Amino acid sequence: MPDIHSNKFDDATQIKLLILREYLKKWLPVFLKRKIKFWKEITIYDFFAGEGFDTQNNPGSPIIILNELEIYQDDIKNEDINLKVILNDFDSSKTFKLKSRINFEKYNFEIEILNEDFTKLFYNIYPEIIQKSKKNLPRFMFIDQYGVKYVTKDIFTKIAELERTDFLFFISSDFVKRFSELAEFKQYIQIQKKEFNEKKPYQCHRVVFEYFKNMIPNGKELYLAPFSLQKENSKNVYGLIFGSHNPLGIEKFLKLAWKLDGNAGEANFNIDDAILEGHTFDMFNSDIRAKKLQLFEKELKLQIEQGEIITLKEVYLFTFNYGCLPKHANVVLEELAKRNFISRDLKLVSSNIHKLDKNITLK
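Residues numbered from 1 in each chain as written. Predicted model: local features only at pLDDT ≥ 70, side-chain atom pairs only at ≥ 80, totals over all residues. Heavy atoms only, no water.

Caption draft 1: Region of interest: the pairing of strand 2 (residues 82–88). For strand 2, the tally of buried residues reaches five of seven residues, placing the bulk of the element in the interior. As paired elements, strand 1 (residues 41–46) and strand 2 share six bridges and run parallel to each other. Bridged to Thr43 within strand 2 is Lys84. Sheet analysis places strand 2 next to strand 3 (residues 110–114), joined by five bridges and oriented parallel. Residue pairing for strand 3: Asn88 is matched across the bridge by Leu114. (Buried < 20%, exposed > 50% of the residue type's maximum accessible area, 1.4 Å probe, protein only. Helix = DSSP H or I, 4+ residues; strand = E, 2+ residues; numbered from the N terminus. Pairing = 2+ DSSP bridges.)

Now the structure itself:
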């Protein structure tokens with residue numbers, strides 16, 4: 001993989017960093033501005049931090065994290081919160097540059113810079129992390145790996161066990177598609193080549209996403225969402241996978257994703273062959289929206305009609321798992337209410353699904 005810090009960040013990298021920044025803006029107030037706090041310790045990890053800036057002085061992930069935290073310094077002090085930021089990179093030359101670019105005295109929280117291999121570091125600190133997880137201490141993990149080899153099945157499964165942990169990791173999905181049959185590649189990710197043959201090439205990140213989604217332990221409340229990235233003038237597709245154990249986390253991420261991609265909420269390109277701005281006409285389908293929304297409405301309607309989904313909260317959780325928003329579900333609910341298939345008196349919502357009474361039924 002090329003060193004992203006050796007040049008100006010490309011357009012896909014800038015979107016990746018924008019997603020990190022904007023999600024932190026949504027995540028931090030939940031834990032630092034809440035009136036009643038049940039924790040006094042918060043940890044943020046950037047496991048592939050790099051040197052902090054590109055050649056044009058655009059901030060990388062560690063600087064973005066510190067800049068967003070700086071806004072809450074008074075809250076951290078007043079609430080006596082033990083906030084710690086761990087910035088790691090295996091390349092010692094990068095961590096040396098990063099240290100020189102951070103004014104440590106400027107911040108009233110702990111910043112630890114490490115120079116370790118991710119896998120060794122993760123396994124070394126995991127016993128302590130899992131103990132703190134039992135105390136429901138909030139944490140956010142950003143894993144901007146090069147390639148595909150670090151977020152293995154075992155590491156993903158371990159992260160999935162961590163309560164009150166949101167995470168965002170990068171993966172080169174195009175590499176998986178191209179090299180999935182190689183024996184040395186299968187030790188990291190085991191996806192058969194035929195899985196990709198059934199998809200269009202630019203949808204390869206969806207295949208990788210489903211691979212990780214299928215790893216979620218049965219009964220585990222963990223919500224995942226993908227975001228595919230394609231560099232300008234390139235056919236290669238990379239991507240982010242976001243995870244949260246709370247409906248509020250996935251709700252915030254999906255709102256951000258749909259703001260960036262109004263057609264499917266999951267890419268910086270036209271991933272679904274959406275019929276944009278009426279320039280294309282399909283004589284067999286008058287619905288000009290993205291295929292994802294059409295399939296979502298069809299599946300949600302079927303689930304409700306067959307009695308698989310019986311409560312309002314189940315509707316919205318299904319919606320999040322499909323990568324859609326409450327407003328998309330409400331279109332289906334309004335149609336079913338007009339047909340008197342569900343109650344006309346349902347109070348539809350647009351946010352804060354985590355607070356919704358799980359006992360509100362559709363009929």
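Following the structure, the description resumes.
Caption draft 2: Just unusual backbone geometry, in detail. Despite not being glycine, Asn233 shows a phi value in the positive range, around 65 degrees. Mapped onto the secondary structure, Asn233 falls in the loop between strand 6 (223–230) and strand 7 (237–244). Classification of Asn233 as exposed rests on a relative accessible area of 80%. With a phi close to 60 degrees, Asn340 is a non-glycine residue in the positive phi region.

Caption draft 3: Region of the structure containing empty space enclosed by the protein. Taken as a whole and judged by the stated rule, the model has two cavities of 30 Å³ or more. When its volume is computed, the second largest cavity comes out at roughly 40 Å³. What lines the second largest cavity is Glu41, Thr43, Tyr45, Ile129, Lys132, Leu137 and Arg139. Of all the secondary structure elements, the ones that give two or more residues to the lining of the second largest cavity are strand 1 and helix 5 (118–133). With three residues, strand 1 is the largest single contributor of residues to the lining of the second largest cavity. For the lining of the second largest cavity, the residue count by class is three nonpolar, one polar and three charged. (1 Å grid on protein atoms, 1.4 Å probe; cavity = no way out; pocket = protein on both sides within 12 Å on 5 of 7 lines; lining within 4 Å. Points joined across faces, edges and corners; volume = space filled by probe spheres on them. Nonpolar A, V, L, I, M, F, W, Y, C, P; charged D, E, K, R; others polar.)

Caption draft 4: Representation of the sheet that holds strand 5 (residues 165–171) within the structure. Taken in spatial order, the seven strands make up an open sheet running 3-2-1-4-5-7-6, and their pairing is mixed. Unpaired on one side and paired on the other, strand 3 and strand 6 mark the two borders of the sheet. Geometrically, the sheet is characterised by an average inter-axis angle of 10 degrees between neighbouring strands, direction not taken into account. (Axes fitted to C-alpha atoms, helices over the stretch in contact; angles between N-to-C directions.)

Caption draft 5: Main features of helix 14 (residues 326–338). With 13 residues, helix 14 should reach 18 Å at 1.5 Å per residue; the first-to-last C-alpha distance of 18 Å fits that figure. Along helix 14, the residues classified as buried are Pro326, His328, Ala329, Asn330, Val332, Leu333, Leu336 and Ala337. Considering only its buried residues, helix 14 is in contact with helix 11 (247–260), helix 12 (291–305) and helix 13 (312–321). Backbone geometry just after helix 14 places Asn340 at a positive phi near 60 degrees. (Expected span 1.5 Å × (residues − 1). Contact = heavy atoms within 4.5 Å.)

Caption draft 6: Expanded view of the packing of aromatic side chains. Counting across every chain of the model gives 28 aromatic pairs. Plain terms: the ring middles of Phe167 and Phe169 are 6.3 Å apart, the flat faces sit at 20 degrees to each other, and that makes the pair stacked. Residue classification places Phe169 among the buried residues on the basis of a relative accessible area of 1%. Ring centres 6.0 Å apart and planes at 75 degrees place the aromatic pair Phe175 and Phe179 in the edge-to-face group. With a gap of four residues between them, Phe175 and Phe179 both fall in helix 7 (residues 173–179), about one helical turn apart. Given the relative accessible area of 32%, Phe179 is considered partly exposed. (Phe/Tyr/Trp six-rings, centres within 6.5 Å; stacked < 30°, edge-to-face > 60°.)

Caption draft 7: Spatial organisation of the environment of Leu336. Assignment of secondary structure puts Leu336 in helix 14. In this structure, the C-alpha to C-alpha distance between Leu336 and Met215, residues 121 residues apart in sequence, is 34 Å. If we ignore the near neighbours within four places in the chain, the residues touching Leu336 are Lys301, Ile304, Glu305, Phe341 and Ile342.

Caption draft 8: Fine view of the environment of Val331. Relative to the assigned elements, Val331 resides in helix 14. Residues Val331 and Asp89, spaced 242 residues apart in sequence, show a C-alpha to C-alpha distance of 46 Å.

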